[in-house]
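# Remarks on the overall topology
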Amino acid sequence: MIAAWAAPSAIVSCVLLHAGVATQAPVPPPPSKPIAFTDVTATSGIQAAMTSGAQPSSQILEVKGGGLALIDVDDDGDLDLFMPNGATLADPAKGPGARLWRNDGGLRFTDITQESGITHRGWSFGVAAGDVDGDRRDDLFIAGFGRNALWLNRGGGRFVDATDAWGAAGPGGWSTGCALADLDGDSDLDLYVARYVDYDPTKPLAPAMFKGQPVINGPKGLSPLRDVVLRNDGDRFTDVTDASGVGAVAPGFGLNVIACDFTGDGLVDLFVGNDSSGNHLFVNEGGFRFAERARRLGCSTNLEGIEQATMGVALGDVDGNGRPDLHTTVFSSDTNTLFLNRPDGFWDDRSSQFGTGAPSRSLCGWASILADLDHDGDEDLFTVNGHVYPNATKATFDSEYAQPRLVLERTGKRFSPLRSDAAWLAAPHRDRTAVFGDLDGDGDVDAVIGELNGPLRVLRNDHDSAGDWLVISLRDTRAGSRNHRAVGSMITVEQGGLSQRRWLAGGGPFQSTFSPEAHVGLAGKGPVKVTVRWPDGFEQVATAEPGRRIVLDRGAP
């Protein structure tokens with residue numbers, strides 16, 4: 001079944017298949033209009049600051065900031081916004097509280113926190129949105145310092161705290177990035193929670209020394225916490241960290257996680273971005289067993305074999321070979337890394353070849369996304385930045401504390417920095433997290449950016465061409481399916497000889513969520529062929545007209 005809206009429907013066909021091979025994409029033409037955004041925060045109805053300790057920061061618990069989630073709370077087809085929010089060292093369990101905004105269209109939002117029943121006030125970091133209990137409503141898992149939390153969506157914009165009933169509180173300590181995905185192929189959403197360091201807020205750490213300057217202590221010298229894996233058993237989570245094999249792996253300083261089929265075998269794997277330690281790639285071997293393969297396959301370190309301070313992670317098919325690649329953001333005086341996923345299963349650091357590394361050297365990168373911002377048929381890179389040390393300057397650390405955003409425009413086979421004095425790009429901030437999606441229904445990718453102890457900012461994408469895009473949502477309404485948004489699917493879009501791929505993955509840019517929709521910019525003309533490989537390997541083919549928002553429904557087998 002296929003549905004379309006936001007323009008007159010023009011669906012040509014829908015065919016079901018069981019096999020298909022995507023072809024490598026040719027080089028698309030250059031964009032015709034520069035990438036540009038406008039800050040519309042003042043008129044958006046989103047007026048909030050993201051709390052994370054005091055400003056300026058003095059302890060490591062204060063510097064990471066929190067996450068954001070795009071979630072369709074009321075199932076009306078647009079993306080609402082959730083901020084779990086943080087707290088302070090004075091009372092880590094009682095911050096100003098989470099906030100939830102309903103999307104009213106036209107980039108205008110209404111705060112519905114009170115009506116929602118969400119009373120969460122813990123110091124939160126990561127957040128994941130997805131249908132945990134299989135009732136076809138999107139729920140919220142919050143990873144934080146101390147207790148984690150699970151809020152189940154009961155419809156009508158109302159949520160209930162199901163943390164204890166579902167065994168979701170966790171082992172305590174500091175949890176960060178998290179991802180909901182079907183890790184064992186039983187059609188419900190399991191949970192991976194990255195964790196950071198063992199830290200006691202009642203025992204402040206003395207400053208460390210870095211480049212001759214006193215700085216916030218950690219994570220080096222502190223004890224890393226092992227990550228947690230929870231299996232969804234229908235009405236509660238069961239800790240399978242040890243049984244899955246994840247518990248046997250030496251922990252890193254985990255900050256972010258992406259759940260996606262990186263090997264192409266139909267099983268969801270896990271990439272964990274670790275701070276100041278090697279990344280992890282947990283390859284799914286079936287039966288809820290994982291093998292850590294990052295160092296063997298080439299995505300643990302950069303090309304020089306250096307363990308980086310990975311924070312944000314972007315996902316996309318940069319080289320057009322049909323496999324998901326990764327772009328990781330890192331600390332300043334280093335360069336962000338572009339890992340290409342080769343057909344033989346190994347990964348290559350191609351940051352220099354594609355031009356993604358050098359422009360990031362003076363920046364401390366956080367949330368990052370690969371998205372076609374200008375609708376020229378390839379994906380650009382948008383990264384938010386900000387140093388962790390309040391005393392950072394060019395003179396002391398070769399990097400300022402507040403930093404501009406970095407947009408790398410894809411032109412042919414390389415990325416080039418977008419140059420602009422516009423405030424949305426050039427103004428310095430202490431940015432940490434961000435979420436990206438079509439928030440106003442006009443077919444381009446907008447953004448909400450969270451600043452450390454600063455305001456949320458809403459950016460409208462000013463791309464103005466009509467009919468050069470497609471937004472795809474998936475629904476699995478079969479009886480017994482509990483993964484109704486089909487997390488783990490791959491979508492291939494073909495038009496005029498150009499082939500593009502998108503993945504509906506768990507996790508997000510930094511302690512946040514990817515949009516549940518797939519956005520594709522279209523450089524050509526005429527009908528578009530859409531092929532979906534659903535999580536169980538089943539393939540569905542449809543034809544759609546450009547400039548549409550479509551829903552593909554798996555329906556009956």
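Residues numbered from 1 in each chain as written. Predicted model: local features only at pLDDT ≥ 70, side-chain atom pairs only at ≥ 80, totals over all residues. Heavy atoms only, no water.

This brings us to empty space enclosed by the protein. Applying the stated criterion across every chain, the model contains 3 cavities of 30 Å³ or more. If you add up the space inside the largest cavity, you get close to 350 Å³. In terms of lining residues, the largest cavity is bounded by 22 residues, among which I369, L370, R502, E517 and H519 are the most central. A breakdown of the residues in the lining of the largest cavity according to their chemical character gives 11 nonpolar, 4 polar and 7 charged. Each of two domains, domain 1 (45–374) and domain 2 (470–553), supplies a minimum of three residues to the lining of the largest cavity. For the second largest cavity, the calculated volume is near 260 Å³. If you go around the second largest cavity, you meet 23 residues; those closest to its centre are A129, V487, A505, F514 and P516. Sorting the residues of the lining of the second largest cavity by element identifies β4 (69–71), β8 (124–130), β12 (175–181) and β36 (506–507) as the ones contributing at least two each. (1 Å grid on protein atoms, 1.4 Å probe; cavity = no way out; pocket = protein on both sides within 12 Å on 5 of 7 lines; lining within 4 Å. Points joined across faces, edges and corners; volume = space filled by probe spheres on them. Nonpolar A, V, L, I, M, F, W, Y, C, P; charged D, E, K, R; others polar. Domains from an automatic or database assignment. Helix = DSSP H or I, 4+ residues; strand = E, 2+ residues; numbered from the N terminus.)

Attention shifts here to the sheet that holds β36. Read from one edge of the open sheet, 5 strands run β21-β20-β19-β18-β36, paired in antiparallel fashion. Every other strand in the sheet has two partners, leaving β21 (290–292) and β36 as the edge strands with one partner each. Examined bridge by bridge, strand β18 (residues 253–260) and β36 share 2 bridges and lie antiparallel to one another. Across the sheet, A259 pairs through a bridge with G506, a residue of β36. (Pairing = 2+ DSSP bridges.)

Right, let's get into the domain arrangement of the chain. Parsing the chain into structural domains produces domain 1 (45–374) and domain 2 (470–553). If you average the C-alpha positions of domain 1 and of domain 2, the two centres end up 22 Å apart. Listed as interface residues are 61 residues of domain 1 and, on the opposing side, 35 residues of domain 2. With both chains or domains summed, domain 1 and domain 2 bury close to 3300 Å², and 51% of this area falls on carbon and sulfur atoms. Of all residues in domain 1, R136, S187 and D372 give up the largest surface area on contact with domain 2, accounting jointly for 18% of the area buried on that side. Taken together, the links from domain 1 to domain 2 amount to 4 salt bridges. (Contact = heavy atoms within 4.5 Å. Buried area = accessible area lost by both parts, 1.4 Å probe. Salt bridge = Lys/Arg side-chain N within 4 Å of Asp/Glu carboxyl O.)

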